[in-house]
Amino acid sequence: AQRKQLRKQIAPFQWYSSILRTTLNSEPIFHCHGLHEWAMQYHPEGAEPPPSAKYQSGLHLRVSRQVINETVERKGISCTHVDA
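**Here's the deal with the overall build of the chain**
1) Next: A count of helices and strands for the chain gives four helices and zero strands.
2) Next: Its helices and strands taken in sequence order, the chain reads α-α-α-α from the N to the C terminus.
3) Next: Once the C-alpha set of the chain is aligned to its principal axes, its extents read approximately 55 × 30 × 20 Å.
4) Next: Taking all 84 residues of the chain together, the buried fraction comes to 15%.
5) Next: A fraction of 73% describes how many contacts in the chain between residues 6 or more apart in sequence connect residues 24 or more apart.
6) Next: Roughly 7,500 Å² of accessible area belongs to the chain as shown, and the carbon and sulfur atoms make up 56% of that amount.
7) Next: Mean positive and mean negative side-chain charge positions of the chain (10 and 7 charges, respectively) differ by 17 Å.

Here it is as structure tokens:
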């Protein structure tokens, strides 16, 4: 029982360690050009709403959803943010 408890306590640190190792060994991406927020708002026709919709549904966008979708599809997203 004590070992099981110890493994449970150690698990988050092992997960964090694996994230850090992967990050350390990955090639950095410096050409995101601020499209992270656009990627979070990307919502192609017929798709499920983006995760951000649950807390941003009341916020009005300064550009149309069509402009966001066309920009993301044309430029592509090379962002290292996990939620993009």
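**With respect to helix 1 (residues 2-25)**
1) Next: For helix 1, spanning 24 residues, the distance from its first C-alpha to its last is 34 Å, which sits close to the expected 34 Å at 1.5 Å a residue.
2) Next: Along helix 1, the sharpest kink reaches roughly 35°, centred on I10 and followed within four residues by the proline P12.

**Here's the deal with a nonpolar patch on the surface**
1) Next: Side chains of F13, W15, Y16 and I19 sit close together on the surface and give an oily, nonpolar patch of about 490 Å² of accessible area.
2) Next: Mapped onto the elements of the fold, I19 is located in helix 1.

**Examining the side chain of T71**
1) Next: Tracing the backbone shows T71 in helix 4 (residues 65-75).
2) Next: Residue classification places T71 among the buried residues on the basis of a relative accessible area of 10%.
3) Next: Of note is the side chain of T71, whose polar atom sits 2.8 Å from the backbone oxygen of V67.
4) Next: Those residues in contact with T71 that sit more than four places away from it in its chain are L35, W38 and G76.

Procedures and definitions
- Numbering of residues starts from 1 in each chain and follows the order in which that chain's sequence is written.
- Only residues with pLDDT of 70 or above have their local features reported here, since the model is predicted, and side-chain atom pairs are shown and tallied only from 80 upward, although totals for entire chains, interfaces and linings are computed over all residues.
- To obtain the side-chain values, all non-hydrogen atoms of the structure were included, while hydrogens and water were left out.
- Only runs of H or I of at least four residues qualify as helices and only runs of E of at least two qualify as strands under DSSP, and these elements are numbered from the N terminus.
- Think of it in three bands: residues with accessible area under 20% of the maximum for their type are buried, residues over 50% are exposed, and the middle band is partly exposed, with areas taken using a 1.4 Å probe on protein chains only.
- Contacts are residue-level and defined by heavy atoms, with any inter-residue pair within 4.5 Å sufficient.
- In short, Shrake-Rupley with a 1.4 Å probe defines the accessible areas, and a residue's cover is counted only from the protein chains shown.
- Positive charges are assigned to Lys and Arg, negative charges to Asp and Glu, while His and the chain termini are left out of the count.
- Taken as the charge centre is NZ of Lys, CZ of Arg, CG of Asp or CD of Glu, depending on the residue.
- An expected span of 1.5 Å times one less than the residue number is assigned to each helix.
- Note on bend: at a given residue it equals the angle between the axes fitted to the 7 residues ending there and to the 7 starting there.
- Patch building starts from residues that exceed 30% relative accessible area and form no salt bridge, then joins like charges within 9 Å and nonpolar side chains (Val, Leu, Ile, Met, Phe, Trp, Tyr) within 5 Å.
- For this analysis, a salt bridge means a side-chain nitrogen from Lys or Arg found within 4 Å of a carboxyl oxygen belonging to Asp or Glu.
- Two N or O atoms count as a polar contact when they lie within 3.5 Å, although within protein this holds only if one can serve as hydrogen donor and the other as acceptor, and sequence-adjacent residues are included solely when both atoms are side-chain atoms.

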